[in-house]
Amino acid sequence: MKQPSQRGGRRANSGRKPIADSAMQRKQVMLDAETIRLAEDLGDGNLSAGLRAAVKRASSHDA
């Protein structure tokens, strides 16, 4: 009898690890080219990271 392959399939602790401590949600937004450029600059090329940084920075100024 042939042994099942040890490659592929679901395994504990496999896959890409989350970049944040809390769960992320996927949202669709519309941004102009300048906002995209600025957010990517803030996030070192990562648009989502730049948007998170901008929102955190703006919320700390409000407090």
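Refer to the preceding data block for the structure.
Residues numbered from 1 in each chain as written. Predicted model: local features only at pLDDT ≥ 70, side-chain atom pairs only at ≥ 80, totals over all residues. Heavy atoms only, no water.

Notes on the environment of His61
For step 1, the next point in the chain: For His61, the location among the structural elements is in helix α2 (residues 47–62).
For step 2, the next point in the chain: His61 gets classed as exposed once you look at its relative accessible area, which sits at 64%.
For step 3, the next point in the chain: The sequence separation of His61 and Ala49 amounts to 12 residues, and the corresponding C-alpha distance is 19 Å. (Helix = DSSP H or I, 4+ residues; strand = E, 2+ residues; numbered from the N terminus. Buried < 20%, exposed > 50% of the residue type's maximum accessible area, 1.4 Å probe, protein only.)

Quick look at α2
For step 1, the next point in the chain: In this model α2 runs 23 Å from its N-terminal to its C-terminal C-alpha over 16 residues, within 8% of the 22 Å that 1.5 Å per residue would give.
For step 2, the next point in the chain: The distance from a side-chain oxygen at the start of α2 to the backbone nitrogen of Ser48 is 3.0 Å, and the residue carrying that oxygen is Asn46. (Expected span 1.5 Å × (residues − 1). Polar contact = N/O pair within 3.5 Å; in protein donor to acceptor, adjacent residues only side chain to side chain.)

Quick notes on unusual backbone geometry
For step 1, the next point in the chain: Of note in the backbone geometry, Asn13 takes a positive phi value of approximately 60° without being a glycine.
For step 2, the next point in the chain: Position of Asn13 relative to the elements: it lies in the segment before α1 (33–42).
For step 3, the next point in the chain: Overall, the relative accessible area of 73% leaves Asn13 in the exposed class.

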